[in-house]
Amino acid sequence: MGHTPLLMAGSPGWTEPATAGHTAAGDAWGRGSGQSTAYALAFTRTPGFQTPSEFLENPSQSSRLTAPFRKHVRPKKQHEIRRLGELVKKLSDLTGCTQVVDVGSGQGHLSRFMSLGLGLMVKSIEGDQRLVERAQRLDQELLQALQKEEKRNPQVVHTGPRHRPHHVVRWVDPTALCEELLLPLENSPQSEARLLLTGLHACGDLSVALLRHFSCCPEVAALASVGCCYMKLSDPGGYPLSQWVAGLPGRELPYRLREGACHALEEYAERLQKAGPGLRTHCYRAALETVIRRARPELRRPGVQGIPRVHELKIEEYVQRGLQRVGLDPHLPLNLAALRAHQAQENRVVAFFSLALLLAPLVETLILLDRLLYLQEQGFHAELLPIFSPELSPRNLVLVATKRPLGETFSVLETEDS
């Protein structure tokens, strides 16, 4: 199972989840052995640093990134691109890679930092043409900002030429090899190309596609993948991957469990402790679901985008807005007495959601363990490292893999640069 440690109750890094405040919170987070067992079985999500010092001076601006790299980038993403980018740079140097391929690159924030900030040769692959066009505009804007900064501070010398990311519009089919992903850049001869694949929260089967390209393609020397959106995994196909997990009795993970594994455990524990009115969101959403099921029984898992300021709405107002967002008539006749009865169950809904969330790290552990074992069963060297602060980025485990052993060097990858 690799060298990834398990976080045991009472061990260094263990913290008791907050339970005070909400009347349902204490029992919801568990009293006694259940809580300890859940955390003991899960991979540790505690990185080797405390709350990121980069945000002590300003909670919205990382002190570890210069102003041009922070522009248009939220604090969470600033933290993620810096931490993953620095890990990729170390991994690239250790494995002698000539090119990084950022798959599912979105607006290109990670690709930009790796290429223009860390000097890596980067190919950026994204399926959405609009996101690629925005990424190219942001590349140009960043280049101009860096050039102005160098003119203002000539004593700061940039060594070597700046290479902007090479953007490609391409959907990656999880079931087939993507030739574009494997093609070297023009200034990287194919005979000498050594690729490092990375993806920052590559969604669903896209993370699985990275693993398959790494395992099947000799030119891919290293992998650094942070997954997310486990509910979008194909089953079979995206899970299970390893022979070991495939042979486990009861290894099935239905949609509800995989979706729950994507929630922010630390953020919700803080909400429980504060016991604010925002907790009623779960009760309102459950009530909305009953109305949707009655109006359209065949409509399952409708995507209800976030409704702002839920705590200021009456339950019927929330339901009406929710109906509109899933394409139903917001003026459907509502049974107000039934909605009020649902609202009276708020504490029980919070308790149920809390219990489900307690299992989330276990579900994520099984999914990531499956990926780790899939690579190790083929003789590759793989580790899972917590590199993001879970308070900022809940999906904070990166799967790192190489085709030659790195030994203790793996531990260097997750350390903070000075």
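Residues numbered from 1 in each chain as written. Predicted model: local features only at pLDDT ≥ 70, side-chain atom pairs only at ≥ 80, totals over all residues. Heavy atoms only, no water.

In the annotation of an unreviewed UniProt entry, the protein is listed under the name Methyltransferase-like protein 25B isoform X5 and assigned to Balaenoptera acutorostrata.

> Help me out: how do you make sense of the overall build of the protein in this one?
Counting secondary structure elements, the protein contains 17 helices and seven strands. In the protein, 74% of the contacts between residues at least 6 apart in sequence involve partners at least 24 apart. (Helix = DSSP H or I, 4+ residues; strand = E, 2+ residues; numbered from the N terminus. Contact = heavy atoms within 4.5 Å.)

> Looking at this structure, I do not really get the packing of helix H8 (residues 205–216) against helix H16 (residues 360–376). What am I missing?
Any two packed helices are characterised by how steeply their axes cross, that is the angle between the axes, and by the distance between the axes. Where H8 meets H16, the axes come as close as 11 Å, and the angle between the chain directions of the two elements is 10 degrees. The angle between H8 and H16 places the two elements in the roughly parallel class. When H8 is examined against H16, the residues Ser 207, Val 208, Leu 211, Arg 212, Phe 214 and Ser 215 are found in contact with a partner set consisting of Arg 371, Tyr 374 and Leu 375. Tallied by class, residues from the contact of H8 with H16 come to five nonpolar, two polar and two charged. (Axes fitted to C-alpha atoms, helices over the stretch in contact; angles between N-to-C directions. Parallel < 35°, antiparallel > 145°, perpendicular 65-115°, else oblique. Nonpolar A, V, L, I, M, F, W, Y, C, P; charged D, E, K, R; others polar.)

> Just to check I follow, could you spell out the environment of Glu 219 for this structure?
Here Glu 219 shows up in the loop between H8 and strand S5 (220–228). Overall, the relative accessible area of 25% leaves Glu 219 in the partly exposed class. C-alpha of Glu 219 to C-alpha of Leu 196: the two residues are 23 residues apart in sequence and 8.9 Å apart in space. Non-local contacts of Glu 219, meaning those with residues more than four positions away in its chain, are made with Leu 182, Ala 193, Arg 194 and Leu 195. (Buried < 20%, exposed > 50% of the residue type's maximum accessible area, 1.4 Å probe, protein only.)

> Which parts of the structure should I look at to understand helix H5 (residues 109–117)?
Think of an α-helix as turning once every 3.6 residues; residues three or four places apart then point the same way. Burial within H5 is extensive, with eight of its nine residues counted as buried. Inspection of H5 places His 109, Leu 110, Ser 111, Arg 112, Phe 113, Met 114, Ser 115 and Leu 116 among the buried residues, and these make up the whole buried set. Residues of H5 that are buried in the fold lie against helix H3 (67–70), helix H4 (75–95), strand S1 (99–103), strand S2 (122–126), helix H6 (129–152) and strand S4 (195–203). Two residues or fewer past H5, Gly 119 is found with a positive phi of approximately 80 degrees.

> I keep staring at the sheet that holds strand S6 (residues 381–386) and nothing clicks. Help me out?
Where strands meet in a sheet, backbone hydrogen bonds hold them as pairs that are either parallel or antiparallel. Strand order in the open sheet formed by seven strands is S3-S2-S1-S4-S5-S7-S6, with mixed pairing between adjacent strands. The open sheet has two edge strands, strand S3 (166–169) and S6, and neither has a second partner. Taken over all neighbouring pairs, the strand axes of this sheet differ in orientation by 15 degrees on average, direction set aside. Bridge count for S6 against strand S7 (residues 397–402) is six bridges, and the pairing is antiparallel. Residue Leu 385 lies in a different strand from S7, and its bridge partner there is Val 398. In the packing of H8 onto the sheet, contacts are made with S1, S4, S5 and S7, and the angle to S5 comes to roughly 165 degrees. (Pairing = 2+ DSSP bridges.)

> What exactly am I supposed to notice about the state of the cysteines here?
Put plainly, a disulfide is one covalent bond tying together the sulfur atoms of two cysteines. Per the stated rule, a full pass over the model turns up zero disulfides. Free cysteine Cys 228: the closest other cysteine sulfur is in Cys 229, separated by 3.5 Å. (Disulfide = S-S within 2.5 Å.)

> Before we go on, may I ask you to explain the packing of aromatic side chains in this structure?
Working definition: an aromatic ring pair is given by the centre-to-centre distance plus the angle between the planes. Inspection of every chain in the model, using the stated rule, returns four aromatic pairs. Judged by centre distance (5.0 Å) and plane angle (70 degrees), the ring pair of Phe 214 and Phe 380 falls under edge-to-face. Within this pair, whereas Phe 214 is found in helix H8, its partner Phe 380 is found in the loop between H16 and S6, the two being separated by 166 residues in sequence. Given the relative accessible area of 15%, Phe 380 is considered buried. (Phe/Tyr/Trp six-rings, centres within 6.5 Å; stacked < 30°, edge-to-face > 60°.)

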